[in-house]
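Residue-level structural notes
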Amino acid sequence: MTVEQTLPDTAPVEAQVRPELTTLIVYFGALIAMFMATIDMQIVVTALPTIAGELGNLHLFGWVGAAYLLSTAAVSPFYGKLGDMYGRKNVVLTAIGLFLLGSLVCGMAWSMESLIAARVLQGIGGGGLMVSAFAMIGELFGPRDRAKYQGYSSAVFALSSVLGPLAGGYITSLFGWRWVFLVNLPIGIIVLAVLAFAMRSRFNEKRHRIDYLGGVLLATGTTAIVYWGYHVLDPSGPDLITFALPLLAVAAITLFVMVERRAEQPIVPLRLFGNSTVSIVSGVSLVAGTVTLGMFFYFALYMQTLTGLSPAEVGFLFLPASLTSMVISIVAGRVIAATGRYKWMPVVAMGIGGFLMLGFVLTNQHTPIWVLATMMAVFGISMGLQFQVLIVAIQAAAPLQDIGAVTSLITQARTLGASLGLALNGAVMIWALNRQTAELPADAAALLPGGLNGLTPHLASSLPGAIREVVLDHYSSGFNVMFIWVAALYFVAMGLTLLLEDKEIPKRA
């Protein structure tokens, strides 16, 4: 028996107590596809120094990661809407194909420029994998069961985000940096074959008019925001692009709204925002991306500089966050499936995150490693109580035919939040470290020609003992300002989640 015989492509499984085998096969295929797409956001972090050493052009270093994020954010709305229109199967298979082609070209890159171009292609496929995977789960299961299975998917998302840097470092050390990308090929081919066989194709005779103009305008606005997020941290300082990109983003989004109001089949139906849950969850997801995904880099930098641990050893400090996030995501999904209630979870998640950031203010170079590991475990609890819960909330609030659109909306909000987090959190950190640099004693400042912003873990460990203590005291004080800023964002997000209606998710659509 196959999915073709038992399941409509867009109808959830309502009458079954247990999902059929083929449904679970499709589900696990979606999880693996999602894992490949999300881990590629972080896996290059620890491989980049080796890549830059071989390919050269160190000044293009950051664009290996930015290119993937840019293209992922730009294409997400297209995949969500096309899946709603024509069925999820052809869309997800196309996304896998593009992702694998991009991975192959990345592994064969002969220059930094060719690698960046290949990462764009890989991101075009990766954006489709993330949106399609979440949307497929929304279509496979009923509203209550959806929470349980989205819990597992969000655990996979959190696991890939945290394990990415660790995996990248070890793969690079054992097999070479090219295998960071080439490892996707055998896994992806298996997923492609499984989904091609198990998923049902939906043939829709209705003629659709794809909202290309709206999609291009939204992609333009999104790209401008993400690009600004990376460009604003350019060490050369602000320039014309820094100020032009926000204006371009505002203009593109304004035109997008005007176009969507008149489009016959808008790529993001504006009527969805008439639902308060959709609007609030979108806003919360934007802030959540800023304070979670937008903080991974700064956590690693802070802990490695203060502790003197190697990148691989610091990577292990992220494992508690991964484990607790996985467990809490699964438990939260089961609780929602049993009770239908979810509002309290993101409220608690944002509160925990806010107080945790205030707790980081009390840390310094003398903080025991086990305390930092415990704090990262608490960070994972906060992540586990929000990621899949927000997806379940927004999917439950939208009509079934718009699941792809709202899923792409929340995915894009998180991506934008991650980019803004990199920019805004980093800008606060740089400002604070510059102020602390001005307060350094003359003998310490003389050993830091680039100031505290130029302090690397290697440089910190090479400083004389007494000077090192003074420098790290000022360094942690600079980071404290950023932690307070992020705590404030967490409490803003908590305020938004309090505005959600406390309603019960029905068992059936």
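What counts and what doesn't
- Residue numbers run consecutively from 1 along every chain, following the written order of its sequence.
- Given that this is a predicted model, residues contribute local features only at a pLDDT of at least 70 and side-chain atom pairs are listed and counted only at 80 or more, while totals for whole chains, interfaces and linings are drawn from all residues.
- By convention in this description, side-chain values take in all heavy atoms of the structure and omit both hydrogens and water.
- A helix here means a DSSP run of H or I that spans at least four residues, while a strand means a run of E at least two residues long, and both kinds are numbered starting from the N terminus.
- Working rule for contacts: check all heavy atoms of both residues, and any pair within 4.5 Å makes them a contact.
- Residue burial considers only the protein chains on display, and all accessible areas are found by Shrake-Rupley using a 1.4 Å probe.
- Here is the rule: rings of Phe, Tyr and Trp (six-membered ring for Trp) pair when centre to centre is within 6.5 Å. Planes less than 30 degrees apart are stacked, more than 60 are edge-to-face, and the remainder are tilted.
- Residue types Ala, Val, Leu, Ile, Met, Phe, Trp, Tyr and Cys, when buried and joined through side-chain atoms within 4.5 Å, form a set referred to as a nonpolar core.
- When accessible area is computed with a 1.4 Å probe and restricted to protein chains, residues below 20% of their type maximum are described as buried, those above 50% as exposed, and intermediate ones as partly exposed.
- Angles run from 0 to 180 degrees between N-to-C directions of axes, and those axes are lines fitted to C-alpha atoms, restricted for helices to the stretch in contact.
- Note on convention: near helix rotated counterclockwise from far helix by under a right angle means a left-handed crossing. Clockwise means right-handed.
- Patch members must show over 30% relative accessible area and no salt bridge, and they are joined within 9 Å when carrying like charges or within 5 Å when they are nonpolar side chains of Val, Leu, Ile, Met, Phe, Trp or Tyr.
- The salt bridge definition used is simple: a Lys or Arg side-chain nitrogen within 4 Å of an Asp or Glu carboxyl oxygen.
- Throughout this description, any angle smaller than 35 degrees is read as roughly parallel, any larger than 145 degrees as roughly antiparallel, any in the 65 to 115 degree range as roughly perpendicular, and the remainder as oblique.
- Ten residue types, Ala, Val, Leu, Ile, Met, Phe, Trp, Tyr, Cys and Pro, are classed as nonpolar, four, Asp, Glu, Lys and Arg, as charged, and the remainder, Gly among them, as polar.
- The span one expects for a helix is its residue count, reduced by one, times 1.5 Å.
- Every residue gets a pLDDT, meaning the predictor's confidence in that residue, from 0 to 100.

Here the focus is the overall build of the protein. A tally of helices and strands in the protein yields 22 helices and zero strands. When contacts within the protein are restricted to residue pairs at least 6 apart in sequence, those whose partners lie at least 24 apart make up 84%. Of the accessible surface of the protein, which amounts to about 20,100 Å², a share of 70% is contributed by carbon and sulfur atoms.

Another aspect to go through is the packing of aromatic side chains. Under the criterion given, the structure shown has 10 aromatic pairs. Pairwise contacts between aromatic rings join F299, Y302, F360, F379, Y475, F479 and F483 into one cluster.

With that settled, the discussion passes to the environment of V428. Along the polypeptide, V428 turns up in helix α19 (residues 403-438). Along the backbone, V428 and W485 are 57 residues apart, and their C-alpha atoms lie at a distance of 7.7 Å. Sequence-distant contacts of V428, that is, excluding residues within four places in its chain, are made with V481, M482 and W485.

A few words on the nonpolar core. If you look at the biggest cluster of nonpolar residues, it comprises 116 residues, and the most contacted ones within it are F299, M357, F360 and F379. It is helix α22 (residues 465-498) that contributes the most residues to this core, 12 residues altogether.

To continue, consider the side chain of H474. Assignment of secondary structure puts H474 in helix α22. You can call H474 buried: its relative accessible area is 16%. In this structure H474 touches Q436, E439, L440, P441 and L452, once residues within four positions along its chain are discounted.

All right, on to the packing of helix α2 (residues 21-42) against helix α9 (residues 184-198) then. The contact between α2 and α9 brings their axes to 9 Å, and the two run at 150°. By crossing handedness, the relation of α2 to α9 is classed as left-handed. Judged by residue contacts, I25, V26, G29, A30, I32, A33, M36 and D40 of α2 engage N184, I187, G188, V191, V194, L195 and A198 from α9.

On the surface, a nonpolar cluster with roughly 800 Å² of combined accessible area is contributed by I32, Y170, L174, F175, W179, V183, I187 and F316. Mapped onto the elements, W179 comes out in helix α8 (residues 179-182).

Their axes nearest at 7 Å, the elements helix α15 (residues 319-339) and helix α17 (residues 369-384) cross at an angle of 30°. The orientation of α15 relative to α17 falls into the category roughly parallel. Where α15 crosses over α17, the handedness of that crossing is right-handed. In this structure, α15 uses P320, A321, T324, S325, I328, S329 and A332 to contact α17, whose residues at the interface are A373, M376, A377, F379, G380, I381, M383 and G384. Here the contact of α15 with α17 is composed, by residue class, of 10 nonpolar, five polar and no charged.

So, about α9. Its 15 residues give α9 an end-to-end C-alpha distance of 21 Å, which sits within 8% of 21 Å, the value for a rise of 1.5 Å per residue. Buried within α9 we find N184, L185, G188, V191, L195 and A198.

Another point: the confidence of the model for the protein. Interpreting fine coordinate detail is not advised for predicted regions of low pLDDT. Averaged over every residue, the pLDDT of the protein is 79; the share at 70 or more is 84%. Taking the mean pLDDT of every element in the protein, the minimum, 37, falls on helix α1 (residues 3-6) and the maximum, 94, on helix α16 (residues 344-360). Here residues 1-18 is a poorly scored stretch, pLDDT under 50, and it has 44 contacts once near neighbours within four places are set aside; other chains count.

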